[in-house]
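One letter stands for each residue in the lines below.
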Amino acid sequence: MDLKQLKTFVVLSKNKNYTRTADALGYAQSSISAQIQQLEQELNTKLLDRIGKKVFLTESGEMFLPYAVEMLTLASTIKDRIDNSLSSHGQIIIGASESLCIFKLPAIVKSFKKTHPNIELHLKLIENDQVVQQLTDNTIDIALTIGNPIKHPSITSLLKKREEILVLSAPTHPLASKNVFAIKDFANQSLVLTSFSCNYRAAFEYDLKAHGIPYQIALESGSVQAIKEMAASGLGLCVLPNLAVQKELTANLLNALPYKNNYNIYTQLVCHDSKWISPNLADFIDLVKELI
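On a predicted model such as this, the values are computed, not experimentally measured, just so you know. (Residues numbered from 1 in each chain as written. Predicted model: local features only at pLDDT ≥ 70, side-chain atom pairs only at ≥ 80, totals over all residues. Heavy atoms only, no water.)

**Structural notes on unusual backbone geometry**
Here comes step 1: Phi at Asn-44 is positive, roughly 60 degrees, even though this residue is not glycine.
Here comes step 2: With respect to the element layout, Asn-44 can be found in the loop between helix H3 (29-43) and strand S1 (48-51). (Helix = DSSP H or I, 4+ residues; strand = E, 2+ residues; numbered from the N terminus.)

**Describing the packing of aromatic side chains**
Here comes step 1: Applying the stated criterion across every chain yields a total of seven aromatic pairs.
Here comes step 2: Between Phe-186 and Tyr-259 the ring centres are 5.1 Å apart and the planes differ by 85 degrees, which places this aromatic pair in the edge-to-face class. One end of the pair, Phe-186, is in the loop between strand S7 (165-169) and strand S8 (189-193); the other, Tyr-259, is in the loop between strand S11 (255-256) and strand S12 (266-272), with 73 residues separating them in the sequence. Grouping residues by exposure puts Phe-186 and Tyr-259 together as buried.
Here comes step 3: Put simply, the rings of Phe-181, Phe-186, Phe-204 and Tyr-259 pair up and form one aromatic cluster.
Here comes step 4: Sitting over the ring of Tyr-266, Lys-160 keeps its end group 4.7 Å from the ring centre. (Phe/Tyr/Trp six-rings, centres within 6.5 Å; stacked < 30°, edge-to-face > 60°. Buried < 20%, exposed > 50% of the residue type's maximum accessible area, 1.4 Å probe, protein only. Lys NZ or Arg CZ within 6 Å of the ring centre and 35° of its normal.)

**A word on the sheet that holds strand S3 (residues 91-96)**
Here comes step 1: Read from one edge of the open sheet, five strands run S4-S3-S5-S12-S6, paired in mixed fashion. Two strands lie at the open edges of the sheet, namely strand S4 (120-125) and strand S6 (155-162), each paired on one side alone. The mean inter-strand angle of the sheet, taken between neighbouring strand axes irrespective of direction, is 20 degrees.
Here comes step 2: Relative to strand S5 (residues 142-147), S3 runs parallel, the two being bridged by three bridges. Considered in S5, the bridge of Gly-95 is made with Ala-143.
Here comes step 3: The strands that helix H6 (residues 105-115) touches are S3, S4 and S5; relative to S4, the one it contacts most, it runs at about 165 degrees.
Here comes step 4: On top of the sheet, helix H11 (residues 279-291) reaches S3, S5, S6 and S12; it is set at about 35 degrees to S3, its chief contact. (Pairing = 2+ DSSP bridges. Axes fitted to C-alpha atoms, helices over the stretch in contact; angles between N-to-C directions. Contact = heavy atoms within 4.5 Å.)

**Observations concerning the domain arrangement of the chain**
Here comes step 1: One can read the domain layout of the chain as domain 1 (3-88), domain 2 (91-162 + 266-291) and domain 3 (165-256).
Here comes step 2: A C-alpha centroid distance of 70 Å is found between domain 1 and domain 3. (Domains from an automatic or database assignment.)

**A look at the sheet that holds S7**
Here comes step 1: Spatially, the five strands line up as an open sheet ordered S9-S8-S10-S7-S11, and their pairing is mixed. Strands at the two margins of the open sheet, each flanked by one partner only, are strand S9 (215-220) and S11.
Here comes step 2: Here two bridges tie S7 to S11, and the two strands are oriented antiparallel to one another. Across the sheet, residue Leu-168 finds its bridge partner in S11, namely Ala-256.
Here comes step 3: Strands in contact with helix H9 (residues 224-232) are S7, S8, S9 and strand S10 (237-241); relative to S10, the strand with the most contacts, it is inclined by about 140 degrees.

**Some thoughts on the pattern of salt bridges**
Here comes step 1: Summed over the entire model, instances satisfying the criterion amount to five salt bridges.
Here comes step 2: Among the ionic pairs, Lys-228 bridges to Glu-248, the shortest N-O distance being 3.0 Å. Of this pair, Lys-228 sits in helix H9 while Glu-248 sits in helix H10 (residues 246-250); the two residues are 20 residues apart in sequence, bridging distant segments of the chain. Like Glu-248, Lys-228 is buried.
Here comes step 3: Counted as one network, the salt bridges with shared partners bring together Arg-201, Glu-205 and Glu-220. (Salt bridge = Lys/Arg side-chain N within 4 Å of Asp/Glu carboxyl O.)

Set out below in structure tokens:
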């Protein structure tokens, strides 16, 4: 027996009429009849007598009715307790790119914790190429990354926003004063770059190599903050998302060179397509969509 059959039996025993019961539950009368028949077959007894347009409980029906009510009440109590537990406790494991972790997640986390104070948030720094594996392994619940579009049959995209990628220099750098820029102007320049697996670094280096532009790597680092400070000191040019350098541009610590590109770089929020989205996780997803 299932809860739908029990509810139909209880409502029908109260209304004593198939038409009113069908209207109350939103079923066709044939569906009401089928559910009662299935329940009677499972219990191997007759629960209801239908005389004319009225329905009467049999002796077995009278005996079964309080148990059906009790089972429905217990099912409702279980659901309420689980819903309350899910809404007030639990954890979310977020995989995030360093740039988004530093420049976007603080405001999101702060806002989320105001309404979900008992939910534990765990943050893991990940690269774009680690997303599919970690979601598949259920190491993380959700991923917020920046890079090339993540395309995989088992991954669901929840948010995809194109990001502007800048080439930056110290304000005192010889290239900082140029108003018109060509890729040949990068010839023999020193570069301060992110790790090799970074998609926007790869896109920039591809441009240079495709045009035969020689360059030197002065420093390579996985730390966005270290790269910004080194570039601001004059060590070399750096390539970073616009979202990561707003403070430095405003304070005139870094200068964005007028180099036009159309790199295929996106901020993405993704999860595994088999992942159960709890109410808390759904709230977090909605907040990311609102604040990114």
